[in-house]
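# Residue-level structure breakdown
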Amino acid sequence: GMQQQPKIFSQDIILLITVGQETGNLSDMIERASKIYKDKVERKLKRYTMLVQPIMMVILGLLVAGLIFAVYTPLFNLADAV
């Protein structure tokens, strides 16, 4: 059963479903378990987006700086040649 899969299901979810089976409220307990998992996923996603946003801004800034450098370097070389 679910107890043999500890890596997939956390202990609190296994307990919720066990209680649901014993009391006959399995659908309510599964719904509650899905809400717990949904909240966990949303928290992790929020954390990752907070980490990725500054990194993306730095990469974007470096790309823009490289583009400006690539455009203006030949212009300065032309000005020196004249």
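Residues numbered from 1 in each chain as written. Predicted model: local features only at pLDDT ≥ 70, side-chain atom pairs only at ≥ 80, totals over all residues. Heavy atoms only, no water.

This part is about the overall build of the protein. For the protein, the helix and strand inventory stands at two helices and zero strands. Expressed along its principal axes, the backbone C-alpha trace of the protein runs to roughly 90 × 25 × 15 Å. By residue count, 9% of the 82 residues in the protein fall in the buried class. Looking at the protein as shown, the accessible area adds up to about 7300 Å², and 69% of this sits on carbon and sulfur atoms. Taken as two groups, the 9 positive and 7 negative side-chain charges of the protein have centres that lie 4 Å from each other. (Helix = DSSP H or I, 4+ residues; strand = E, 2+ residues; numbered from the N terminus. Buried < 20%, exposed > 50% of the residue type's maximum accessible area, 1.4 Å probe, protein only. Areas by Shrake-Rupley, 256 points an atom, 1.4 Å probe, with all protein chains shown as cover. Lys, Arg positive; Asp, Glu negative; His and termini not counted. Charge placed at Lys NZ, Arg CZ, Asp CG, Glu CD.)

What the rule picks out here adds up to two salt bridges. For Asp39, the salt bridge is made with Lys35, and the minimal N-O distance between the two is 3.3 Å. Separated by four residues within a single helix, Asp39 and Lys35 lie in helix H2 (residues 26-81), roughly one turn from each other. A relative accessible area of 28% means that Asp39 is categorised as partly exposed. (Salt bridge = Lys/Arg side-chain N within 4 Å of Asp/Glu carboxyl O.)

What follows is about the nonpolar core. A general trend in soluble globular proteins is that nonpolar side chains are found buried together. Ranked by size, the top nonpolar core spans five residues in total: Ile13, Leu16, Ile17, Met29 and Ala33. Among the secondary structure elements, those contributing two or more residues to this core are helix H1 (11-23) and H2. By residue number, the principal contributor to this core is H1, which donates three residues. Setting aside chain neighbours within four positions, we find Leu16 in contact with Met29, Arg32, Ala33 and Ile36. (Core = buried A, V, L, I, M, F, W, Y, C linked by side-chain atoms within 4.5 Å. Contact = heavy atoms within 4.5 Å.)

The next subject is the packing of H1 against H2. Helix-helix packing: each pair is described by the crossing angle between the helix axes and the interaxial distance. At a closest axis distance of 7 Å, the pairing of H1 and H2 adopts a crossing angle of 165°. Compared by their axis directions, H1 and H2 come out roughly antiparallel. Judged by the twist between their axes, the crossing of H1 over H2 is right-handed. In contact with Ile13, Leu16, Ile17, Val19, Gly20 and Gln21 of H1, H2 contributes Leu26, Met29, Ile30, Arg32, Ala33, Ile36 and Tyr37. (Axes fitted to C-alpha atoms, helices over the stretch in contact; angles between N-to-C directions. Parallel < 35°, antiparallel > 145°, perpendicular 65-115°, else oblique. Left-handed = near helix turned anticlockwise from the far one by under 90°.)

Moving on, we get to H1. The terminal C-alpha atoms of H1 lie 18 Å apart, and with 13 residues this matches the ideal 18 Å at 1.5 Å per residue to within 8%. Listed as buried for H1 are Ile13, Ile14, Leu16, Ile17 and Gly20. Here the buried residues of H1 occupy an arc of 160° about the axis, which is enough to place them on one side. Across H1 from its buried face, at more than 90 degrees, point the exposed residues Gln11 and Glu22. Structurally, H1 contributes buried residues whose contacts are with H2. Just beyond H1, the residue with positive phi is Gly24, at close to 85°. (Expected span 1.5 Å × (residues − 1). Arc of directions from axis to C-beta.)

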